[in-house]
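# Structural description and commentary
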Amino acid sequence: MPSQPTSKRVVITGMGWVTPLGDDLERVWQRLLAGECAISALQKFPGSAFATNFAAQVGGFDLARFLANTEPHAKAHDHVRYLLGAASQAWKQAGLGDASTPGALHSGCAHLDRTRMGVYLGSGEGTVDFENFAAANVGAYDAESRDIDGNAWARIAHERFDPRNEIEQEPSIAAQHLATAFQVEGPSFNAMTACAASTQAIGEAFQAIRAGDADAMLAGGSHTMIHALGMTGFIRLTAMSTRRDDPATASRPFSQSRDGFVMGEGAGVHVVESLDHALARGATPLAEIVGFGSTADAYRITDIDPDGLGAAYAMRAALQQAGVDPHATDDTGRPFVHYISAHGTGTQENDSIETRAVKEVFADLAPRVPFSSVKSMMGHLIQAAGAVELVTCVQAIRTASVPPTINLHDPDPACDLDYVANESRDLTDLGGVRMAMSNSFGFGGQNDTLLLKRYEP
């Protein structure tokens, strides 16, 4: 394999997640390998009349288990609380301290320059105060003119809306909460590129560290769209499964009978830092980030380029940055990429086009690369999806096992790669997983790919 680029090496030293399958790193990983599904009837709001009345929901989450001082975040929306929980796990695993213990938050920060550690997120907007928003709309509606009286709407909104709650709906608020909670003062960004957002955030954090603009970043994302407006929007786009009779089998990526994605929610956070910085403070790298590709389809706002060109360009860019030839094999005869975490939403268009893009990049080697979608088990976490799925790539490298795509019992002839159908796979006998790729594609034609490899000094 060609030598590494000469610029800074960048590693992941901590990671955490809050998912519909739970929030304990090892427990959730075991549940994924076991093919467990977190999709069930809606509980967060009364949606029984909706065409899609099920989702993958986070349950039993208590921020106090992860953060000793929760008072500054008392008004935070669910996705921000999930983010703080995931960040606390990542912070602790990276050896920076235990945020759940009073006074221990910065116990491992002796070598940390706070102005050189930043935040880069792909976190979505907060949840609209639907009842009061609807009340303002209904109260301001003029039946005679069939129009909204703006003055009346503003008066009702002023009376009913809570100012802090409105601020908490801003997409930038998650980064503010995270920077405040962990007292990091470096660069701060939030990407709003839909389902590709947190992959883009981690990729651009990686680039910032390579360029010397920061020593370390808290990078990841969070989102929930499990509310009336969020669900309605995707239902109207006909993008979601309507398999109401059996929600647990509704998410079926790459299956011929797939009929759309299933909404999920959660957060994922990684401590990303230069290798030099990590080693200087005694941290143990979990994996090394070696490539990032980001492209735009320039096609349609809700449709992928039908030939998968943007997705293929993103994968190629990540491979090229890492110096990896997708058409070559290693000394054991395997492709250099040993696992691909698919975007794999379960929509007709995404799965066949992503398959086409992988074939375009890896050519004859494409069928030999295990390629699976954990969205089949935990739904689509929208802007948080990429960060959570990157955790699965790190875990695949650490454990030599890859998670399955469940509910894949009737393969689509147009989807003819190795999707690790229904059962996880132990790759120990083949030498484990040395390199893993994570794909995320978003509305508007945003394509982002990250390439990780096993850390070797």
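Residues numbered from 1 in each chain as written. Predicted model: local features only at pLDDT ≥ 70, side-chain atom pairs only at ≥ 80, totals over all residues. Heavy atoms only, no water.

## Notes on the overall build of the chain
Filter applied, for reference: Counting from the N terminus, the helices are the DSSP runs of H or I reaching at least four residues and the strands are the DSSP runs of E reaching at least two. In this treatment the radius of gyration is a C-alpha quantity, and the globule benchmark scales as 2.2 Å times the residue count to the 0.38 power. Exposure categories follow from relative accessible area, calculated using a 1.4 Å probe and restricted to protein chains: below 20% of the type maximum is buried, above 50% is exposed, and the middle band is partly exposed. Note on contacts: a residue pair is in contact if any heavy atoms of the two residues lie within 4.5 Å. Computed by Shrake-Rupley with a 1.4 Å probe, the accessible areas treat only the displayed protein chains as cover when residues are assessed.
In terms of regular secondary structure, the chain is built from 13 helices and 16 strands. Relative to a compact globule of 457 residues, whose C-alpha radius of gyration would be 23 Å, the chain shows 22 Å and is just as compact. Considering only C-alpha atoms, the chain reaches an extent of 75 × 55 × 40 Å along its principal axes. Within the chain, the proportion of its 457 residues that are buried is 59%. Of the contacts made within the chain by residues no fewer than 6 positions apart, 77% connect residues no fewer than 24 positions apart. For the chain, the accessible area works out to roughly 17,400 Å², and carbon and sulfur atoms hold 50% of it.

## Quick word on the packing of aromatic side chains
Put simply, the test is: To pair, rings of Phe, Tyr and Trp, with the six-membered ring standing in for Trp, must have centres within 6.5 Å; the planes then decide the type, stacked if under 30 degrees apart, edge-to-face if over 60, and tilted in the middle.
Here the structure, examined in full by the defined rule, presents 12 aromatic pairs. A centroid spacing of 5.5 Å and a plane angle of 50° characterise the contact between phenylalanine 254 and phenylalanine 371, whose relative ring orientation is tilted. Residue phenylalanine 254 is found in the loop between α8 (228-236) and β9 (265-274), and its partner phenylalanine 371 is found in strand β12 (residues 371-372); the two are separated by 117 residues along the sequence. You can call phenylalanine 254 buried: its relative accessible area is 0%. Three or more aromatic residues joined by ring pairs form one cluster here, namely Phe61, Phe66 and Tyr82.

## Quick word on the pairing of strand β16 (residues 446-453)
Our working rule: One bridge is not enough; two strands pair if DSSP finds at least two bridges between them.
For β16, the tally of buried residues reaches eight of eight residues, placing the bulk of the element in the interior. Here β16 shows no split at all, with Gln446, Asp448, Leu450 and Leu452 on one side and Asn447, Thr449, Leu451 and Lys453 on the other all buried. By the bridge criterion, eight bridges tie strand β10 (residues 287-296) to β16 in an arrangement that is antiparallel. Looking at the pairing, isoleucine 289 lines up with leucine 452 of β16. Examined bridge by bridge, strand β15 (residues 435-442) and β16 share eight bridges and lie antiparallel to one another.

## Observations regarding the environment of glycine 344
Following the sequence through the fold, glycine 344 ends up in the loop between β11 (339-341) and α11 (348-362). Under the relative-accessibility criterion, glycine 344 is labelled buried at 0%. The sequence separation of glycine 344 and proline 253 amounts to 91 residues, and the corresponding C-alpha distance is 5.6 Å. Apart from residues no more than four positions distant in its own chain, glycine 344 is found in contact with Pro253, Phe254, Asn350, Asp351, Glu354, Ser373 and Lys375.

## Regarding a negative patch on the surface
The condition that has to hold: Residues enter patches when they are more than 30% accessible in relative terms and free of salt bridges; like-charged ones are connected within 9 Å and nonpolar ones (Val, Leu, Ile, Met, Phe, Trp, Tyr) within 5 Å. By convention in these notes, a salt bridge is any Lys or Arg side-chain nitrogen within 4 Å of a carboxyl oxygen on Asp or Glu. Only four residue types enter the charge count: Lys and Arg as positive, Asp and Glu as negative, with His and the chain ends excluded. Taken as the charge location is NZ of Lys, CZ of Arg, CG of Asp or CD of Glu.
Residues Asp142, Glu144, Asp147 and Asp149 make up a contiguous surface patch of negative charge. Exposure remark for aspartate 147: the relative accessible area of 45% places this residue in the partly exposed category.

## Remarks on the layout of surface pockets
Quick note on the threshold: Using only the protein atoms, space was sampled on a 1 Å grid; points where a 1.4 Å probe fits but cannot get out form cavities, open sets with protein on both sides within 12 Å along at least five of seven lines form pockets, and lining residues are those with an atom within 4 Å of a point. Grid points are joined across faces, edges and corners, and a volume is the space filled by probe spheres set on the points. Think of it as three bins: nonpolar holds Ala, Val, Leu, Ile, Met, Phe, Trp, Tyr, Cys and Pro, charged holds Asp, Glu, Lys and Arg, and polar takes everything else, Gly as well.
Taken as a whole, the largest pocket encloses approximately 480 Å³ of empty space. Along the walls of the largest pocket sit 27 residues, with Ala239, Thr302, Thr347, Glu349 and Phe443 positioned nearest its centre. Elements with a contribution of two residues or more to the lining of the largest pocket: α11, β15 and β16. Top element by residues in the lining of the largest pocket is α11. It accounts for three residues. Considered class by class, the residues forming the lining of the largest pocket number nine nonpolar, 14 polar and four charged. Put simply, the second largest pocket is a space of about 310 Å³. Taken together, 15 residues line the second largest pocket, and the ones lying closest to its centre are Lys44, Phe45, Thr127, Phe130 and His227. Of the residues contributing to the lining of the second largest pocket, the split by class is six nonpolar, five polar and four charged.

## Focus: the pattern of salt bridges
The full count for this structure, using the stated rule, is 21 salt bridges. As a salt-bridge pair, arginine 434 and glutamate 456 come within 3.2 Å of each other at their nearest N and O atoms. With a gap of 22 residues between them, arginine 434 in the loop between β14 (425-426) and β15 and glutamate 456 in the segment after β16 connect regions that are remote in the sequence. Under the relative-accessibility criterion, glutamate 456 is labelled partly exposed at 31%. Several salt bridges converge on common partners, so that one network encompasses Lys44, Asp78, Arg81 and Glu265.

## Details of the sheet that holds strand β8 (residues 216-224)
Inclusion rule: Every axis corresponds to a line fitted to the C-alpha atoms, with the helix fit spanning only the stretch in contact, and the corresponding angles, defined between N-to-C directions, vary from 0 to 180 degrees.
Taking strand neighbours across the sheet as the criterion, the 10 strands line up as β7-β4-β8-β9-β1-β10-β16-β15-β11-β12 in an open arrangement whose pairing is mixed. Of all strands in the sheet, those with a lone pairing partner are β7 (188-190) and β12, marking the two edges. Two elements, strand β4 (residues 117-121) and β8, share five bridges in a ladder whose sense is parallel. Paired with tyrosine 120 across the two strands is alanine 219, which belongs to β8. This element, helix α6 (residues 173-182), spans β4, β7 and β8 of the sheet and lies at about 150° to β4.

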